[in-house]
Amino acid sequence: MTVKSIQTLVSEAMQEIKTINADDAYKMIEDNECNLIDIREARELEKTGSVENSVHISRGMLEIFLDPNSVYFQKGILDQSKEMVLFCAGGVRSALAVKALKNMGYEKVSHIDGGFGSISNSSFKIV
């Protein structure tokens, strides 16, 4: 049995997913073209703050929240007509999460290169 490393999984995911930078994501938010989804854990948000206009769905709950048959999905928190733009702390979890959403059938999904680190050095407001 061969077990793939996290580096291999992320490298493979990066070949299949869309990656954008923080400035592109900010423009998408300004133009009301995306759902900005913070997939970090709650304790991370408590330590560093959250990004204004983002929706928090932890990585562990992402597929559950975005399952069309889920009660959470049906609450209408996210606009399904817009691109789902995910971010984590540095870009590893969000890359894998985007791949998972693509596997679920989502087509308009991307992640922010560098995650919260890039976001905090951009025009985004941290609250």
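Structure: see above.
Residues numbered from 1 in each chain as written. Predicted model: local features only at pLDDT ≥ 70, side-chain atom pairs only at ≥ 80, totals over all residues. Heavy atoms only, no water.

**Q** Can you break down the pattern of salt bridges residue by residue, with the values?
**A** Inspection of the entire model under this criterion finds 8 salt bridges. Among the salt bridges present, the one from Glu 83 reaches Lys 18, with a minimum N-O distance of 3.2 Å. Here Glu 83 is found in strand 4 (residues 83–87), whereas its partner Lys 18 is found in strand 1 (residues 18–20), with 65 residues between them in sequence. Judged by its relative accessible area of 40%, Lys 18 is partly exposed. Of the charged contacts, one joins Lys 82 and Asp 79 as a salt bridge, the two residues approaching to 3.8 Å between their closest N and O atoms. For Asp 79, a relative accessible area of 30% translates into the label partly exposed. (Salt bridge = Lys/Arg side-chain N within 4 Å of Asp/Glu carboxyl O. Helix = DSSP H or I, 4+ residues; strand = E, 2+ residues; numbered from the N terminus. Buried < 20%, exposed > 50% of the residue type's maximum accessible area, 1.4 Å probe, protein only.)

**Q** An account of the environment of Val 10 is needed here, citing residue identities and associated values.
**A** With respect to the secondary-structure elements, Val 10 resides in helix 1 (residues 6–14). Note on Val 10: relative accessible area 15%, which makes it buried. In sequence terms Val 10 and Ser 94 are 84 residues apart; their C-alpha atoms lie 9.5 Å from each other. Setting aside residues up to four positions removed in sequence, Val 10 forms contacts with Val 92, Ala 95 and Leu 96. (Contact = heavy atoms within 4.5 Å.)

**Q** Just give me the short version of the side chain of Glu 83, but keep the residues and values in it.
**A** Of the residues examined, Glu 83 reaches a relative accessible area of 10% and is grouped as buried. In this structure the side chain of Glu 83 is engaged in a polar contact, spanning 3.2 Å, whose partner is the side chain of Lys 18. Dropping the residues within four chain positions of it, Glu 83 is found in contact with Lys 18, Met 28, Glu 33, Cys 34, Asn 35, Lys 108, Val 109 and Ser 110. (Polar contact = N/O pair within 3.5 Å; in protein donor to acceptor, adjacent residues only side chain to side chain.)

**Q** Describe helix 2 (residues 22–30), with residues and values.
**A** Among the residues of helix 2, Ala 22, Ala 25, Met 28 and Ile 29 are the ones counted as buried. With its buried residues spanning 120° around the axis, helix 2 presents them on a single face. Away from its buried face by more than 90 degrees, helix 2 exposes Asp 23 and Glu 30. Structurally, helix 2 contributes buried residues whose contacts are with strand 1, strand 2 (34–38), strand 4, strand 5 (109–112) and helix 6 (115–119). With a side-chain oxygen positioned 3.0 Å from the backbone nitrogen of Asp 23, the residue opening helix 2 is Asn 21. Downstream of helix 2 by a residue or two, Asn 32 has a phi angle that is positive, lying close to 55°. (Arc of directions from axis to C-beta.)

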